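Analysis of the macromolecular model
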Amino acid sequence: MRRLWLIFSQAVTVALAAVFVLATLKPQWLGGRPGSAPVQFSIIQAAPLPLDGASSPGSYAPAARRASPSVVSVMTSAAESPASASDALRRHFGDPDGGGGSAGTGSAVIVSPDGYLLTNNHVIDNAEQIEIGLADGRRVAAKVVGTDPDSDLAVLKVALTGLPAITFGDADALQVGDIVLAIGNPFNVGQTVTSGIVSAVGRSGLGLNTFENFIQTDAAINPGNSGGALVDINGQLLGINTAIYSRSGGSMGIGFAIPVATARQVMEGLITEGVVTRGWIGVQPSDLTRDMAESFGLEVERGVLITGVLQDGPASAAGVQPGDVVVKVAGTPVMNTAQLLDAVAGLRPQTQAVLSVHRGRQQLELTVRVAQRPKARTARGAPGSGR
């Protein structure tokens, strides 16, 4: 009897051990609770870390990294009255509260490794002291090389070398819808990059500058962005951010930048000659409307009506009269005052150019000796001095 009990005990022990092993390693062999499903585990996979310097697909980080070191902050202490500072802000940013005073901030772009910078004239106009804040944290004094109020551009110089100069792009190839980045120091919060598209090109008639051929963008531009860079997705300079349309002083999605071709021409003139040389003939023009053409008995509906001629000026000496309609300048067709202004400004002083003119029913070719454009008295140009 004792032997049988020992055999039974050993058998029970082996059976319980087997059940324990199966329950641990192969529970499905033993069956589960009615209606229950086996527990499943999934492995969570994390995205691989990007390689050093790499960015996500569709990111503008490469363009920002390339261009940002070339954009600096501009701090000024001005000798202007609060009223004049307020006027400048209101004209370029629609700031109803002015924001003027004895100090101001803006931005600038490094255009050469040996310390030349481009900015807006209204950023440094009447400034007593100018200090530049580099992207690497250095701060250095700057001096004014030259200014051009007609285009609202200025060139500064700092006593540093080996600076990260920006690469110039081709603004003439811009199309509406192209992606652009605006880089600057809005509201003095520090360097900021915003993105948008080109909303329009060739904007003029805004009353900001004498010469207007703006790139319009919806990239956010605010006070402090003036003088900063508008770049393409390769980080190449397309324009100098200048102004916005705003009722509040903040961005409303309509910003304006001076094209890089204009900026380069002005910069080279200021650096090499200290002045931007432009042609001038001494007329007061106006856009020709159909009503004007009918009232003057003209057979032309497109062109620029001359409403005034400066006495003893180049145009007067060439025989231009009030009421004439200019349709070409040196063979270049002109349809509005902005085109006339640009065509005349592009003429070299002390050279001769032919104006194609309609006078009543007559068509005349008048030869004018081009003079040098007088220096503007304000950022918007001296009234009546400009063509």
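Quick word on the layout of surface pockets
In this model, the second largest pocket occupies a volume close to 480 Å³. Taken together, 22 residues form the lining of the second largest pocket, with Asn 213, Pro 259, Thr 262, Gln 265 and Asp 342 sitting closest to its centre. Contributing elements (two or more residues each) for the lining of the second largest pocket: strand E8 (192–203), strand E9 (214–217), strand E12 (255–259), helix H5 (260–273) and helix H8 (337–345). Considering every element that reaches the lining of the second largest pocket, the biggest residue donor is H5, with 4 residues. Across the lining of the second largest pocket, the residue classes tally to 11 nonpolar, 7 polar and 4 charged.

Some words on the sheet that holds strand E11 (residues 237–244)
Strand pairing in a sheet relies on backbone hydrogen bonds. The paired strands run either parallel or antiparallel. Read once around its circumference, the closed barrel built from 6 strands follows the order E7-E8-E9-E12-E11-E10, with strand pairing classed as antiparallel. In this sheet, adjacent strand axes meet at a mean angle of 45° when their direction is disregarded. Taken together, the 3 bridges between strand E7 (residues 179–184) and strand E10 (residues 229–231) define a ladder with antiparallel strand orientation. If you follow Ile 183 over to E10, its bridge partner there is Ala 229. Across the sheet, H5 lies against E11 and E12, angled at about 50° from E12, the strand it touches most.

Here we look at H5
Across its 14 residues, H5 extends 19 Å between first and last C-alpha, which sits within 8% of the 20 Å expected from 1.5 Å per residue. For H5, every residue scored as buried is listed here: Val 260, Ala 263, Val 266, Met 267, Gly 269 and Leu 270. Where H5 is buried, its residues touch strand E3 (116–120), strand E5 (139–148), strand E6 (153–158), E11 and E12. Looking one or two residues past H5, Gly 274 carries a phi angle of roughly 80°, positive in sign.

Here we look at the packing of aromatic side chains
Applying the stated criterion across every chain, the model contains 1 aromatic pair. Ring centres of Phe 214 and Phe 256 lie 5.8 Å apart, and the angle between their planes is 50°; on these two criteria the pair is classed as tilted. Linking Phe 214 in strand E9 with Phe 256 in strand E12, this pair joins segments that are 42 residues apart in sequence. The same class applies to Phe 214 and to Phe 256, which are both buried. Lys 157 extends its terminal NZ or CZ atom over the ring of Tyr 116, reaching a point 5.3 Å from the ring centre. The cationic tip of Arg 264 hangs over the ring face of Phe 168; the distance from NZ or CZ to the ring centre is 5.3 Å.

Points about unusual backbone geometry
Positive phi values are uncommon outside glycine, yet Asn 126 reaches one of about 65°. In this fold, Asn 126 is placed in the loop between helix H4 (121–124) and strand E4 (127–133). Given the relative accessible area of 46%, Asn 126 is considered partly exposed. Phi is positive for Asp 312, close to 65°, though the residue is something other than glycine. Classification of Asp 312 as exposed rests on a relative accessible area of 72%.

Comments concerning the pattern of salt bridges
Evaluated as defined, the whole model comprises 7 salt bridges. Of the charged contacts in the structure, one is a salt bridge between Arg 359 and Asp 324, with a shortest N-O distance of 2.8 Å. Residue Arg 359 is located in strand E18 (residues 352–359), and its partner Asp 324 is located in the loop between helix H7 (314–318) and strand E16 (325–329); the two are separated by 35 residues in the primary sequence. Through salt bridges with shared partners, a single network forms among Asp 148, Asp 150, Arg 278 and Arg 373.

Examining the confidence of the model for the chain
Of all residues in the chain, 75% have pLDDT values of 70 or greater, and the mean over the chain is 81. With pLDDT under 50 throughout, residues 96–102 is counted as low confidence; its partners more than four residues away or in other chains account for 18 contacts. Confidence drops under pLDDT 50 across residues 378–387; counting only partners more than four residues distant or on other chains, this segment forms 34 contacts.

Considering the nonpolar core
Formed by 38 residues in total, the largest nonpolar core has its most connected members in Leu 118, Ile 166, Ile 215, Ala 229, Val 231, Leu 237 and Ile 240. Of all the secondary-structure elements, those providing two or more residues to this core are helix H2 (61–67), E6, E7, E9, E10, E11, E12 and H5. Sequence-distant contacts of Ile 166, that is, excluding residues within four places in its chain, are made with Ala 67, Ser 70, Val 109, Ile 110, Ala 229, Val 231, Gly 235 and Leu 237. Listed in part, the 20 residues of the second largest apolar core include Ala 318, Val 329, Val 334 and Val 344.

Things to note about the pairing of strand E19 (residues 362–369)
Bridging between E18 and E19 involves 8 bridges; their strand directions are antiparallel. Looking across to E19, one finds that Val 357 is bridged to Leu 364.

Quick notes on a nonpolar patch on the surface
The grouping of Tyr 60, Ile 179, Ile 197 and Ile 233 at the surface amounts to a nonpolar patch, some 310 Å² of accessible area in total. With respect to the element layout, Ile 179 can be found in strand E7. The class of Ile 179 is partly exposed, set by a relative accessible area of 32%.

Examining empty space enclosed by the protein
Summed over all chains, the structure comprises 1 cavity of 30 Å³ or more. Its volume calculated, the largest cavity comes out at about 40 Å³. For the largest cavity, the full set of lining residues is Ile 281, Val 283, Ile 306, Val 320, Val 326, Val 329, Leu 340 and Leu 355. Its residues assigned to classes, the lining of the largest cavity comprises 8 nonpolar, no polar and no charged.

About the criteria used
- Residues numbered from 1 in each chain as written.
- Predicted model: local features only at pLDDT ≥ 70, side-chain atom pairs only at ≥ 80, totals over all residues.
- Heavy atoms only, no water.
- 1 Å grid on protein atoms, 1.4 Å probe; cavity = no way out; pocket = protein on both sides within 12 Å on 5 of 7 lines; lining within 4 Å.
- Points joined across faces, edges and corners; volume = space filled by probe spheres on them.
- Helix = DSSP H or I, 4+ residues; strand = E, 2+ residues; numbered from the N terminus.
- Nonpolar A, V, L, I, M, F, W, Y, C, P; charged D, E, K, R; others polar.
- Pairing = 2+ DSSP bridges.
- Axes fitted to C-alpha atoms, helices over the stretch in contact; angles between N-to-C directions.
- Contact = heavy atoms within 4.5 Å.
- Expected span 1.5 Å × (residues − 1).
- Buried < 20%, exposed > 50% of the residue type's maximum accessible area, 1.4 Å probe, protein only.
- Phe/Tyr/Trp six-rings, centres within 6.5 Å; stacked < 30°, edge-to-face > 60°.
- Lys NZ or Arg CZ within 6 Å of the ring centre and 35° of its normal.
- Salt bridge = Lys/Arg side-chain N within 4 Å of Asp/Glu carboxyl O.
- pLDDT = per-residue confidence, 0-100.
- Core = buried A, V, L, I, M, F, W, Y, C linked by side-chain atoms within 4.5 Å.
- Patch = residues over 30% accessible without salt bridge, like charges linked within 9 Å, V, L, I, M, F, W, Y side chains within 5 Å.
- Areas by Shrake-Rupley, 256 points an atom, 1.4 Å probe, with all protein chains shown as cover.

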